[in-house]
Amino acid sequence: MELRLAGLHHGYGDIEVLRGIDLDFPAGRIVCVVGPSGCGKSTMLRLIGGLERPERGEVVQTGEPPPGCLNPLTYIFQDFALLPWRTVEGNVRLVLEDHGFGRAEIAGIVDDVLTRTRLSEFRAAFPRQLSGGMKQRVAVARALAVSPAFLLMDEPLSALDAQTRELLLDDLVDLWARERFSAVYVTHNLREAVRLGHRVVVLSRRPGTVREVLKIDLPLDARAAHAGELETHRSRLWRLLRDEAQAADLELVDG
Amino acid sequence: MKRSILALLAAATALAGTALAADDKIKVGALRFTSHSASFIAFEKGYFKEAGLDVEFVYFQASAPMAVAIASGDIDYGVTAITGGLINLADKDAIKIVGGALHEEEGIDGSAILVSDAAFKDGVTSPAKLAGRSFGMTQTGSSFHYMASRIAEKEGFPISELKLKPLQKVGAIIGAIKSGQIDAWAIVPHIAKALAKGGAVHIIGWVNDYAPDYQVTTVFTSAENAANKRDLTERFLAAFSRGAADFNAALVDKTAGEDVAEETVKLIHKYVYTSRPYEKAAPSIRNGAMRLNEGAKLNLSSVQAQLDWFKAEGLVKGEIGIDKLVDGSYVETY
Amino acid sequence: MAERGDGGRPVAFRGGGFSPRPLGIVGPLVFLAVIAVWEAGCRAGLIPPLVLPAPSEALAALAHLVETGLLWQHLGASLQRLVLGWTCGTLLGIAVGFSIGLFSLARAGLAPVVAAIFPIPKIALLPLFVVWFGIGEGSKVATILFGTFFPTVVATYGGVDNVDRSLIRMGQSFGLSWLSIVRKIILPGALPAILPGFRISAAIAIVLLVAAEMIGAEFGVGAYILLAGSLMALDELLAGVAILSVMGLTVNWLIARTERFLLRWRT
């Protein structure tokens, strides 16, 4: 299954947030979206997943989701969005309960994803007992439980400290190597973008338009070893972004 | 000669003393009921003033708080029904009954026994048929409770056959009997007659047939006043009795003539049913005229009977005797 | 400040305080001391029985209630009214609170009505309840029901309003049904606000019990206290008040236990 944005346009009241976005999101690839703060990255992600209705243009889904997929477009949120009153296991079970599975089937899926994300021994823990990194791994496990066609990741590592972020980044690379999932990954961190993105979409400041789409052909699992090449990509992105970010920074919050 | 001059001088000083001495300030508790008219008349006609008493009325909504106010020293004299609270306060040496006021008397309309229209249509046409019916009262141990027990006793059924409903306020009981939520009640004649006139309730008997010579209200004061301020208490009772005598003559015996009766009703109207126009208040005041004890005499046997009943019901405790409740040295008892 | 050999001196300690530690034994000790002084004062005649009866007399009144079995009759009658009134008031309150929290129409229509009726002392409405529900159990249960209903509504819709919107969005993004979102996300999310509301409504229910039992009640702790008051039987009055206090403490303890169980996921 693939996704395509055609002439996407959105605003809140008088403020125009996105203008004329045309983009393709291929299957089995991670597309990173970067841009200065307030450029509409997160808005775009909400439009893609159907949590908001675009003013103009459309989000088109081509091809069928893979068999066994319960929730084709599945989010991973910056603030994890775990239910604090459910255990790790309960949080994963939550997204399976509305699909008419039997107890045993649900338990099977939960066991499977917890093993895949190496969370089995924490299954009875409440979110408050977990570190930020662990919480985000639970959120990833929950997303995997519904076998999504696309993962929509909204700055998933931003709430974590630098070391945890590094560890989780490696985890995501490993995960992609095994699962070959498709994802839209919104971030403001350029290092994350060049580590994870098969493509990096650069948005301009508000109203957000596509400034450039950077292709990085280096395989994900080989990137750790090619720090130099990644750094080149990163500084190129930064040059693109710097003026935009500066201009965005000088704008008054209320416009 | 010398001696007579001295005597004269002494008399003159005594006179001057009387004239110059400020009146004794006292506070008298009252309910805005016709049955409290003796105090109102004594005040309006200056009987208290003549007795050297500067009276200030303190008004209450019910009898029980008045007894408490005497015990706490907030008021000096009060007139109210004998309640469990009053007896218990007497037991704690706080208050004493010193005279009588309102009482039931053969031949004068007293408290009536009422039933709701629904109960009446259901066949409760005489007090004998009250067994198994609900009966309204303000509180357990109130005069209404006592009247209910007298009726039950004389009609020969146990008091437990009456479903007694404590409703706290007279207004609440009136509402309840009008709407048929309770079956029966016993109440002073002016309220009973006014209710019966509307057709919502029916009078099926008279309390006097069940509790003859019932001493409904008494005059009482603090134990301290009764024991140590004899002069003050005597003056109060004397002035109060003059008010009672005027009331009886004008409205109970009707020996004073219609003009005096009219004048008395007008006077009482200043205190009772003040929110109603005179034309509407006058019949209620006249209807409510029950005998006030002449000379504040006290029916000791009725008081004794009430005390015995309170003890038997377990509403007052201990071995309180009539001597602790009543100071009989002020007025004639019978 | 002492000079040290090296010419330096320790920095003065300025922190501490402002964090009361739990001293479990102090509360009961103060309680016992007050009662002991009170009893001694009564025995020595410093406190006349008219002003305040001795604690031992109140205890004797309580013992009398237990011996005669009247205690259970009073407690039974009161608890029945409390449980019925509080349960119905709470369930209705939660239902209305949820409607106000979830539906724009209910919010626009009901929230102002609730805000208008909430501050009315329900005791003032007692005569109305008597007319509507009679002098039997109806008006008593209704008084308690009305008293507990409004605080529960306010606590519930406040709780629903405060549920983390990102959790609701998460539920929607996983395609959960509306009912699942309400049951599994909004209800548990509002619980931390609803449960403290229970404490308040339970306290109000006990306060209203005395008022409710003013009308036509033969048995009940409130009726017992009212009767003791009108008879000036101060020892019985204190015994009754003590029973109410114990009822309040028990209810509080039960709710605290429930809270600890249902909200064990919180820190």
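Note that the coordinates shown come from a computational prediction; the quantities given were computed from them, not determined experimentally.

Caption draft 1: Highlighting a nonpolar patch on the surface. All names here are of chain C. Together, L23, I25, V26, L29, V30 and V34 give the surface a local cluster of nonpolar side chains, amounting to about 550 Å² of exposed area. If you trace the backbone, I25 turns up in the segment before α1 (26-43). Here I25 falls in the exposed class, since its relative accessible area comes to 59%.

Caption draft 2: A look at unusual backbone geometry. All names here are of chain A. The omega torsion of the bond from R206 to P207 falls at -10 degrees, within 30 degrees of zero and hence cis. Mapped onto the elements, P207 comes out in the loop between β8 (199-203) and β9 (210-215). Phi is positive for A81, close to 50 degrees, though the residue is something other than glycine. With respect to the element layout, A81 can be found in the loop between β5 (73-76) and α2 (88-94).

Caption draft 3: Quick look at the interface of chain C and chain B. Opposite the 19 residues of chain C that make contact, chain B presents 20 residues. Both sides of the chain C and chain B interface together cover about 1,600 Å² of buried area, and 63% of this is carbon and sulfur. The largest share of the area that chain C buries against chain B comes from I135(C), L231(C) and M232(C), three residues that together contribute 36% of it. The interface formed by chain C and chain B contains zero salt bridges. When the residues that make up the side of chain C that touches chain B are grouped by side-chain class, the tally is 14 nonpolar, three polar and two charged.

Caption draft 4: Layout of the packing of helix α6 (residues 137-161) of chain C against helix α8 (residues 178-212) of chain C. Residues and elements named next belong to chain C. Interaxial distance between α6 and α8 falls to 7 Å at its minimum, and their mutual angle equals 155 degrees. In terms of orientation, α6 lies roughly antiparallel with respect to α8. Of the two elements, α6 crosses α8, and the hand of that crossing is right-handed. Contact residues: K140, T143, I144, G147, T148, P151, T152, A155, T156, G159 and V160 in α6; I186, A190, A193, I194, G197, I200, S201, I204, A205, L208, L209 and A212 in α8. Each residue belonging to the contact of α6 with α8 can be placed in one class, and the counts come to 14 nonpolar, eight polar and one charged.

Caption draft 5: The arrangement of helix α14 (residues 300-312) of chain B in detail. Residue and element names in this part refer to chain B. For α14, spanning 13 residues, the distance from its first C-alpha to its last is 18 Å, which sits close to the expected 18 Å at 1.5 Å a residue. Taken as a whole, α14 has its buried residues at S302, V303, Q306, L307, W309 and F310. Mapping the buried residues of α14 onto a view down its axis gives an arc of 160 degrees, with all of them on the same face. Next to the buried residues of α14 lie α5 (84-91), α7 (143-155) and α15 (322-325). Downstream of α14 by a residue or two, G314 has a phi angle that is positive, lying close to 75 degrees.

Caption draft 6: Up close: the packing of aromatic side chains. Residue and element names in this part refer to chain C. According to the stated counting rule, one finds 22 aromatic pairs over all chains in the structure shown. Ring centres of F146 and F150 lie 6.5 Å apart, and the angle between their planes is 50 degrees; this geometry places the pair in the tilted category. Of this pair, F146 and F150 both sit in helix α6, separated by four residues, roughly a single helical turn. We classify F150 as buried; its relative accessible area is 5%.

Caption draft 7: Seen up close, the sheet that holds strand β3 (residues 77-81) of chain B. Residues and elements named next belong to chain B. Overall, mixed pairing links the five strands, which are arranged β2-β1-β3-β10-β4 in an open sheet. Looking at which strands have only one partner, the edges of the open sheet turn out to be β2 (53-60) and β4 (95-100). Between one strand axis and the next, the sheet turns through 30 degrees on average, direction left out of account. Taken together, the five bridges between β4 and strand β10 (residues 217-222) define a ladder with antiparallel strand orientation. By the bridge assignment for β10, I97 is matched with F220. Its contacts with the sheet place helix α2 (residues 37-44) against β1 (24-31), β2 and β3, and it is angled at close to 145 degrees to β2.

Caption draft 8: View of the pairing of strand β7 (residues 182-186) of chain A. All names here are of chain A. For β7, a buried count of five out of five residues is recorded, marking the element as mostly surrounded by other parts of the structure. Burial along β7 is two-sided: S182, V184 and V186 facing one way and A183 and Y185 facing the other are all buried. Direction of pairing for strand β3 (residues 30-34) relative to β7: parallel, over a ladder of four bridges. Within β7, the position partnered with C32 by the bridge is Y185. Across five bridges, strand β6 (residues 150-154) lies against β7 in parallel orientation. Bridged to L151 within β7 is A183. Between the parallel elements β6 and β7, the chain passes through helix α5 (residues 162-179) in a crossover that is right-handed.

Caption draft 9: Expanded view of the pairing of strand β2 (residues 15-25) of chain A. Residues and elements named next belong to chain A. Here strand β1 (residues 2-12) pairs with β2 via seven bridges, running antiparallel. If you follow G11 over to β2, its bridge partner there is E16. Hairpin remark: β1 followed by β2, antiparallel, with two residues in the connecting loop; positive phi at G13, about 60 degrees.

Caption draft 10: Examining the interface of chain A and chain C more closely. Chain A puts 23 residues into the contact, and the matching count from chain C is 19 residues. Of the roughly 1,900 Å² buried between chain A and chain C, counting both surfaces, carbon and sulfur atoms make up 67%. Of all residues in chain A, the largest losses of buried area upon contact with chain C belong to W85(A), D98(A) and R128(A), amounting jointly to 34% of the total for that side. Linking chain A with chain C are two salt bridges.

Caption draft 11: Representation of the sheet that holds strand β4 (residues 56-62) of chain A in the model. All names here are of chain A. Across the sheet, three strands lie side by side as β2-β1-β4; this open sheet has antiparallel pairing. The open sheet has two edge strands with one neighbour each: β2 and β4. This sheet shows a mean twist of 15 degrees between the axes of neighbouring strands, independent of strand direction.

Caption draft 12: Inspection of helix α8 (residues 170-178) of chain B at higher detail. Residue and element names in this part refer to chain B. Within α8 the residues assigned to the buried category are I173, I174, A176 and I177. Down the axis of α8, the buried side of the element spans an arc of 165 degrees, and every buried residue falls inside it. Turned more than 90 degrees away from the buried face of α8 sit G171 and K178, all of them exposed. Those residues of α8 that are buried lie in contact with β5 (112-116), β6 (134-137), β8 (184-187), α9 (189-198) and β9 (201-206).

Caption draft 13: Seen up close, the environment of A242(C). All names here are of chain C. Mapped onto the elements, A242 comes out in helix α10 (residues 234-262). Taking the relative accessible area as the measure of exposure, A242 reaches 35% and is therefore partly exposed. In the structure, A242 is positioned 23 residues away from W265 in sequence and 35 Å away in space, judged by C-alpha atoms.

Caption draft 14: Structural detail: the pattern of salt bridges. Taken as a whole and assessed by the stated rule, the structure comprises 42 salt bridges over all chains. In this structure, R19(A) and E16(A) form a salt bridge, with 2.8 Å as the shortest nitrogen-oxygen distance. Among the ionic pairs, D246(B) bridges to K45(B), the shortest N-O distance being 3.2 Å. Separated by 201 residues along the polypeptide, D246(B) in helix α11 (residues 230-252) and K45(B) in the loop between α2 and α3 (47-50) bring together distant segments of the chain.

Caption draft 15: Highlighting the arrangement of the chains. For the two pairs of chains in contact, the maximum contact count is reached by chains A and C. One finds no contact between chain A and chain B; the C-alpha atoms of the two approach each other to within 49 Å at their closest.

Caption draft 16: Representation of the side chain of S182(A) within the structure. Residue position: S182(A) is located in strand β7. What S182(A) contacts, discounting residues up to four positions off in sequence, is P26(A), A27(A), G28(A), R29(A), A149(A), F150(A) and L151(A).

What counts and how
- Residues numbered from 1 in each chain as written.
- Chains lettered and ligands numbered in written order.
- Predicted model: local features only at pLDDT ≥ 70, side-chain atom pairs only at ≥ 80, totals over all residues.
- Heavy atoms only, no water.
- Patch = residues over 30% accessible without salt bridge, like charges linked within 9 Å, V, L, I, M, F, W, Y side chains within 5 Å.
- Areas by Shrake-Rupley, 256 points an atom, 1.4 Å probe, with all protein chains shown as cover.
- Salt bridge = Lys/Arg side-chain N within 4 Å of Asp/Glu carboxyl O.
- Helix = DSSP H or I, 4+ residues; strand = E, 2+ residues; numbered from the N terminus.
- Buried < 20%, exposed > 50% of the residue type's maximum accessible area, 1.4 Å probe, protein only.
- Contact = heavy atoms within 4.5 Å.
- Buried area = accessible area lost by both parts, 1.4 Å probe.
- Nonpolar A, V, L, I, M, F, W, Y, C, P; charged D, E, K, R; others polar.
- Axes fitted to C-alpha atoms, helices over the stretch in contact; angles between N-to-C directions.
- Parallel < 35°, antiparallel > 145°, perpendicular 65-115°, else oblique.
- Left-handed = near helix turned anticlockwise from the far one by under 90°.
- Expected span 1.5 Å × (residues − 1).
- Arc of directions from axis to C-beta.
- Phe/Tyr/Trp six-rings, centres within 6.5 Å; stacked < 30°, edge-to-face > 60°.
- Pairing = 2+ DSSP bridges.
- Right-handed = clockwise from strand over helix to strand, strands pointing away.

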